[in-house]
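Below, each chain spelled out in residue letters.
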Amino acid sequence: MNNIYKNGVVILDFGSQYTQLIARRVRESNVFSEILSPETKLNEIINRNPAAIILSGGPSSIYEDDAPQFDVKILDSEFPILGICYGLHVMAQYGGGHVISDGKGEYGFTDIDIQIQKGLFSGISSSKVWMSHGDRVEKLPDGWQILAYSSNGIVAAMSNLDQTRVATQFHPEVHHTEEGLKVLSNFLFNIAKCSPSWTPINFIQEQVENIQSIVGEDNVLIGVSGGVDSTVVAALVHKAIGDRAKAVIIDHGLMRKNEVSECVTALESGLGINIEAHDESEIFFSKLEGVSDPEKKRKIIGNQFIFSFERIASEMNKMDYLAQGTLYPDVIESGISKGKSAHVIKSHHNVGGLPENMKFKLIEPLRDLFKDEVREVGRELGIPDKLVDRHPFPGPGLGVRVIGEITRERINILQEADKIYIDVLHEDGIYNEIWQAFCVLITVKTVGVMGDQRTYENLLGLRAVTSTDGMTADWFRMPSETLSKISNRIVNSVRGINRVVYDITSKPPGTIEWE
Ligand code: XMP
């Protein structure tokens with residue numbers, strides 16, 4: 001492992017809904033962090049060379065039979081450790097203290113009374129924190145001290161004497177904890193002596209060297225999609241190996257309107273990258289004929305995508321590597337992270353959907369990044385804001401936005417509606433407030449009236465969500481005038497749609513895409 005990854009933080013995930021937030025907050029302090037399974041052995045952690053360990057919160061009580069297992073040797077290791085919520089319970093109970101479950105939990109805002117203003121609480125003046133716990137510490141391990149009490153008299157933070165072991169009952173990672181970021185940075189820099197080397201410039205330098213050393217004199221094919229991730233990959237690989245980087249855009253027929261030509265222009269004229277567009281839509285549509293099941297559609301699109309690539313690559317000058325824009329949340333959500341055996345919710349095109357006998361060697365330079373980090377890297381690489389700020393677009397494209405069978409005609413309808421929707425969001429100046437906005441063609445017909453004619457056409461769903469990483473999301477409170485403009489324009493100008501509805505489901509329980 002190389003420099004920017006060194007002196008980072010390993011986060012053991014005990015199942016908290018906030019674990020990714022911990023990772024992001026640590027990275028906002030310019031320290032690398034990675035999420036691992038709570039069962040990771042101490043030796044494995046030592047091999048990764050971190051500066052510190054964070055034990056996350058979790059939904060369990062340490063007394064439950066199925067409470068997560070972990071390697072207790074970690075608690076006696078040389079690493080500084082911060083325990084958060086459940087992590088605090090683990091440190092208390094296994095350190096010789098005592099945790100009780102007596103129903104005196106705390107949920108939401110709480111004030112704390114700081115007892116020791118050094119180390120973890122150095123320079124902290126706000127007492128407002130966010131709690132979410134049922135169990136609490138009744139007795140500290142021998143030789144430990146209380147750093148803060150909550151206004152309910154509960155241990156809010158504790159540590160050993162030299163503060164190489166610290167733990168908070170509250171969640172410093174959530175923004176409701178007013179000085180949570182400062183608490184975390186006190187741990188990272190005062191206690192764990194982490195180095196703040198996780199920056200876009202360092203990342204680029206590191207990846208350029210990495211790509212050069214992996215690839216040697218070989219050529220790299222980059223599958224670009226018009227989205228920010230693959231554009232950043234193309235720019236990174238191009239920076240590393242110049243014209244031996246060849247970008248290919250496969251037009252599977254499921255792109256947004258004009259996306260292929262816009263992408264070619266941006267990469268070729270804007271960034272000087274070699275790019276070829278290949279129209280493969282015929283074969284995708286024929287393979288998708290008659291298929292309605294979402295998972296089957298995803299697999300077909302994902303597999304055909306690679307088959308097309310392999311064929312195109314074999315027709316080009318020797319291509320050994322394929323570079324893809326897989327991100328950290330994709331890795332986690334596809335359940336293949338070493339971090340946790342997350343449930344597979346959808347097989348993501350660029351991770352789980354790959355056929356096993358793939359002929360390429362794969363490089364995934366963004367595999368460790370969250371989306372906002374990709375955007376920062378993109379800006380640093382000189383990619384224009386318009387492209388960098390573009391909403392995410394899924395690998396299977398509009399294929400997961402036509403409910404039921406995919407046909408060219410349905411995709412055309414969706415493309416027209418989608419273009420109107422996105423144009424209006426730009427016109428009304430709200431595009432950048434939204435994480436992702438798109439239309440879904442619902443193959444249910446409803447009755448309408450236009451002129452004096454009865455219509456019987458498709459229903460269109462509008463989706464717009466706010467999010468920070470796509471893992472959770474809230475529906476965007478769209479101004480009603482904007483909604484009305486979008487609906488009027490679509491119904492009046494897109495043949496095949498006579499009714500528009502707005503999706504007001506958050507994630508969870510919904511997912512962002514409908515399929
Ligand atoms: P869901 O629908 O799972 O989406 O809440 C979360 C984010 O992931 C995107 N998404 C995908 N991206 N390949 C991708 O590259 C895929 O197969 C895929 N499926 C969903 C989705 O657009 C959202 O940003």
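Since the model is a prediction, treat every value here as computed from it, not as a measurement.

Participant: Would you mind going over the overall build of the chain with me for this structure?
Facilitator: Summing up its helical and strand segments, the chain has 14 helices and 20 strands in all. Relative to the globule expectation of 24 Å for 515 residues, the C-alpha radius of gyration of the chain, 25 Å, shows essentially globular dimensions. Along the three orthogonal principal directions, the C-alpha set of the chain runs to about 75 × 60 × 40 Å. Taking all 515 residues of the chain together, 59% fall into the buried category. If you sum the accessible surface of the chain, you get close to 21,700 Å²; carbon and sulfur atoms cover 48% of it. Positive and negative charge centroids in the chain, built from 51 and 69 side chains respectively, lie 2 Å apart.

Participant: What should I look at first to understand the environment of Ala323 in this one?
Facilitator: On the secondary structure map, Ala323 appears in strand β15 (residues 321-323). Measuring from C-alpha to C-alpha, the distance between Ala323 and Gly223 comes to 6.8 Å, with 100 residues separating the pair along the chain. Aside from chain neighbours lying at most four places away, what touches Ala323 is Val220, Leu221, Ile222, Gly223, Val233, Val237 and Ile363.

Participant: Before we go on, may I ask you to explain helix α1 (residues 19-28) in this structure?
Facilitator: Residues that lie three or four places apart on an α-helix share one face, since the helix turns once every 3.6 residues. Counting buried residues in α1 gives eight out of ten residues, a clear majority hidden from the surface. Those residues of α1 lying buried are Thr19, Gln20, Ile22, Ala23, Arg24, Arg25, Val26 and Arg27. Among the residues trailing α1, Asn30 stands out with phi positive, at a value near 65°.

Participant: Looking at this structure, how should I read the packing of helix α5 (residues 200-215) against helix α6 (residues 228-241)?
Facilitator: Describing two packed helices takes the angle between their axes plus the distance from one axis to the other. With their axes 9 Å apart at the nearest point, α5 and α6 run at an angle of 65° to one another. You can see that α5 and α6 cross each other, and the crossing is right-handed. Mapping the contact onto sequence places Phe203, Ile204, Gln207, Val208, Ile211, Gln212 and Val215 in α5 and Leu236, Val237, Lys239, Ala240 and Ile241 in α6. Class assignment of the residues belonging to the contact of α5 with α6 gives a composition of nine nonpolar, two polar and one charged.

Participant: Mind showing me how you'd approach the nonpolar core here?
Facilitator: A general tendency of soluble globular proteins is for nonpolar side chains to be buried together. Core analysis: the biggest nonpolar cluster contains 48 residues, and Leu221, Tyr421, Leu425, Leu460, Leu462, Ile490 and Ile497 have the highest contact counts within it. When residues of this core are assigned to their parent elements, the largest contribution, nine residues, is made by helix α13 (residues 408-427). Both domains that meet at this core, namely domain 2 (200-388) and domain 3 (401-502), each give it at least three residues. Apart from the residues lying within four places of it in its own chain, the contact partners of Ile490 are Ala417, Ile420, Leu460, Leu462, Ile497 and Val500. In terms of nonpolar packing, the next biggest core, distinct from the first, is built from 44 residues, Ile4, Tyr5, Val264 and Leu387 among them.

Participant: Just to check I follow, could you spell out the sheet that holds strand β12 (residues 220-224) for this structure?
Facilitator: The five strands are arranged β14-β13-β12-β15-β16 in an open sheet whose pairing can be described as parallel. Since the sheet does not close on itself, it has two edges, and those belong to β14 (274-279) and β16 (361-363), each with one partner. Averaged over all neighbouring strand pairs, the angle between strand axes comes to 30°, with direction disregarded. Taken together, the three bridges between β12 and β15 define a ladder with parallel strand orientation. Each bridged residue has a counterpart across the sheet, and for Val220 the counterpart in β15 is Tyr321.

Participant: Even after reading the chapter, I still don't get the pairing of β14, so can you show me in this structure?
Facilitator: Each regular strand displays side chains that alternate between the two surfaces of the sheet. Bridge count for strand β13 (residues 245-251) against β14 is six bridges, and the pairing is parallel. When the sheet's bridge partners are listed, Asp251 is paired in β14 with Asp279. Remark: the β13/helix α7 (residues 259-271)/β14 crossover connection has right-handed handedness.

Participant: Where do I start with the pattern of salt bridges in this structure?
Facilitator: Side chains that differ in charge, positive against negative, can pair when their charged atoms come close. As enumerated under the stated definition, the model contains 26 salt bridges in all. Across the pair Asp320 and Lys318 runs a salt bridge, and its minimum N-O distance is 2.9 Å. Taking the relative accessible area as the measure of exposure, Lys318 reaches 51% and is therefore exposed. For Arg367, the salt bridge is made with Glu364, and the minimal N-O distance between the two is 2.4 Å. Classification of Arg367 by relative accessible area gives partly exposed; the value is 29%. Given a relative accessible area of 18%, Glu364 falls into the buried group. Connected via shared salt-bridge partners are Arg256, Glu259, Glu262 and Arg390.

Participant: It is not clear to me how the side chain of Glu259 should be interpreted in this structure. Could you clarify?
Facilitator: Along the chain, Glu259 turns up in helix α7. Among the polar contacts made by the side chain of Glu259, one reaches the side chain of Arg256 at a distance of 2.7 Å. Not counting chain neighbours up to four residues away, the residues in contact with Glu259 comprise Ser225, Gly226, Arg390 and Phe393.

Participant: When you look at the packing of aromatic side chains in this model, what are you seeing that I'm missing?
Facilitator: Geometrically, a pair of aromatic rings is defined through the distance of the ring centres and the angle of the planes. According to the stated counting rule, one finds twelve aromatic pairs in the structure shown. Between Phe14 and Tyr86 the ring centres are 5.3 Å apart and the planes differ by 50°, which places this aromatic pair in the tilted class. Taken as a pair, Phe14 in the loop between β1 (9-12) and α1 and Tyr86 in helix α3 (residues 86-94) lie far apart in primary sequence, 72 residues in all. Taken individually, Phe14 and Tyr86 each receive the classification buried, so the pair is uniform in this respect.

What counts, and where the lines are drawn
Residues numbered from 1 in each chain as written. Predicted model: local features only at pLDDT ≥ 70, side-chain atom pairs only at ≥ 80, totals over all residues. Heavy atoms only, no water. Helix = DSSP H or I, 4+ residues; strand = E, 2+ residues; numbered from the N terminus. Rg over C-alpha atoms; globule rule 2.2 N^0.38 Å. Buried < 20%, exposed > 50% of the residue type's maximum accessible area, 1.4 Å probe, protein only. Areas by Shrake-Rupley, 256 points an atom, 1.4 Å probe, with all protein chains shown as cover. Lys, Arg positive; Asp, Glu negative; His and termini not counted. Charge placed at Lys NZ, Arg CZ, Asp CG, Glu CD. Contact = heavy atoms within 4.5 Å. Axes fitted to C-alpha atoms, helices over the stretch in contact; angles between N-to-C directions. Left-handed = near helix turned anticlockwise from the far one by under 90°. Nonpolar A, V, L, I, M, F, W, Y, C, P; charged D, E, K, R; others polar. Core = buried A, V, L, I, M, F, W, Y, C linked by side-chain atoms within 4.5 Å. Domains from an automatic or database assignment. Pairing = 2+ DSSP bridges. Right-handed = clockwise from strand over helix to strand, strands pointing away. Salt bridge = Lys/Arg side-chain N within 4 Å of Asp/Glu carboxyl O. Polar contact = N/O pair within 3.5 Å; in protein donor to acceptor, adjacent residues only side chain to side chain. Phe/Tyr/Trp six-rings, centres within 6.5 Å; stacked < 30°, edge-to-face > 60°.

The quantities given are spatial measurements derived from coordinates; they are silent on function.
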